[in-house]
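Here's the letter readout for the chains.
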Amino acid sequence: MTGRKNEEVILLNDEKMINAIKSGDEAVIGQIIDKYSRLLWSVASAVLKNVAPEQDVEECVADVFISLWQQPEKYDAGRGGLRTWLCIKTRSRALDRYREISRRSALPLEEMLCAETFGAAEEAEAGETRQALAAAVDTLAVQDREILLRRYYYEQKPKEIALALDIPVKKVENRLYRTKRKLRELMADEV
């Protein structure tokens, strides 16, 4: 029963802080930044580790605080605490940033996967092989492509990928195994 009372007190405090922000109280937003910036930094870092520079992590966290300041009405106390809401917003911003970076870096992934698939850098230079691999990668499900990109292009460990995508490590490992096997089969059909 005490756990429920503590939760109600926290939500009540969150509501008071949101109301203070709505009325333009800069001291309260400063307190929120002081209280949650390290936590939000770690959330964004988990998604963007080995993918983006520190400035991108900082930008994601800052964007969340700016969003809270400009649109405090978007927080719904009925759906959870402010801490949880801030973490979800930060993770979402970091994933958006990750996807943006991934789109810009699509070509090097195909070259790297080709070299890994065949074990020979010479074949990675062959235009036909790159095109076939790009076509094979395009047939993959979005999450499989993302896991593959994180593992072999950004060199994230399965545990880091699992944390960033909020899925079990075993699922990451299984998807990597199946995806590589599928790419080998697709590439064998092309050769």
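Residues numbered from 1 in each chain as written. Predicted model: local features only at pLDDT ≥ 70, side-chain atom pairs only at ≥ 80, totals over all residues. Heavy atoms only, no water.

A. Up close: the packing of aromatic side chains. A full pass over the atoms with the stated rule returns one aromatic pair. Aromatic pair Tyr-75 and Trp-85: ring centres 5.9 Å apart, planes at 75°, arrangement edge-to-face. Here the residue Tyr-75 occupies a position in the loop between helix 3 (54-70) and helix 4 (82-104), and Trp-85 occupies one in helix 4, the gap between them amounting to ten residues. With respect to class, Tyr-75 is no different from Trp-85; both count as buried. Above the ring of Tyr-98, the side-chain terminus of Arg-150 is found at 3.7 Å from the ring centroid. (Phe/Tyr/Trp six-rings, centres within 6.5 Å; stacked < 30°, edge-to-face > 60°. Helix = DSSP H or I, 4+ residues; strand = E, 2+ residues; numbered from the N terminus. Buried < 20%, exposed > 50% of the residue type's maximum accessible area, 1.4 Å probe, protein only. Lys NZ or Arg CZ within 6 Å of the ring centre and 35° of its normal.)

B. Representation of the nonpolar core in the model. Counting 50 residues, the largest nonpolar core has Ile-32, Leu-40, Leu-48, Leu-68, Leu-82 and Leu-86 as the members making the most contacts within it. For this core, the elements supplying multiple residues, two or more each, are helix 1 (2-22), helix 2 (26-48), helix 3, helix 4, helix 7 (127-138), helix 8 (142-153), helix 9 (158-165) and helix 10 (169-190). Here the element with the most residues in this core is helix 2; it accounts for nine residues. Not counting residues within four places of it along the chain, the set of residues in contact with Leu-40 comprises Val-61, Val-64, Phe-65, Leu-86, Cys-87 and Thr-90. (Core = buried A, V, L, I, M, F, W, Y, C linked by side-chain atoms within 4.5 Å. Contact = heavy atoms within 4.5 Å.)

C. Representation of the side chain of Asp-56. Topologically, Asp-56 is positioned in helix 3. Since its relative accessible area comes to 9%, Asp-56 is described here as buried. In terms of polar contacts, Asp-56 uses its side chain to reach the side chain of Arg-97, at 2.9 Å. Those residues in contact with Asp-56 that lie beyond four places of it in its chain are Leu-48, Arg-97 and Ile-101. (Polar contact = N/O pair within 3.5 Å; in protein donor to acceptor, adjacent residues only side chain to side chain.)

D. Region of interest: the side chain of Glu-160. Its place among the elements puts Glu-160 in helix 9. Since its relative accessible area comes to 17%, Glu-160 is described here as buried. Of note is the side chain of Glu-160, whose polar atom sits 2.9 Å from the side chain of Lys-49. Setting aside chain neighbours within four positions, we find Glu-160 in contact with Ala-46, Lys-49, Asn-50 and Glu-155.

E. Examining helix 3 more closely. An ideal rise of 1.5 Å per residue puts 24 Å on 17 residues; helix 3 measures up with 24 Å between its terminal C-alpha atoms. Looking at helix 3, one finds that the buried residues are Asp-56, Val-57, Cys-60, Val-61, Val-64, Phe-65, Ser-67 and Leu-68. (Expected span 1.5 Å × (residues − 1).)

F. The packing of helix 8 against helix 9, seen in detail. The geometry of helix 8 relative to helix 9 is characterised by a closest axis approach of 10 Å and an angle of 135° between their N-to-C directions. The orientation of helix 8 relative to helix 9 falls into the category oblique. Considering the relative orientation of helix 8 and helix 9, their crossing is right-handed. From helix 8, Glu-146, Ile-147, Arg-150 and Arg-151 reach across to helix 9, where they touch Pro-158, Ile-161, Ala-164 and Leu-165. Of the residues that constitute the contact of helix 8 with helix 9, the class distribution is five nonpolar, no polar and three charged. (Axes fitted to C-alpha atoms, helices over the stretch in contact; angles between N-to-C directions. Parallel < 35°, antiparallel > 145°, perpendicular 65-115°, else oblique. Left-handed = near helix turned anticlockwise from the far one by under 90°. Nonpolar A, V, L, I, M, F, W, Y, C, P; charged D, E, K, R; others polar.)

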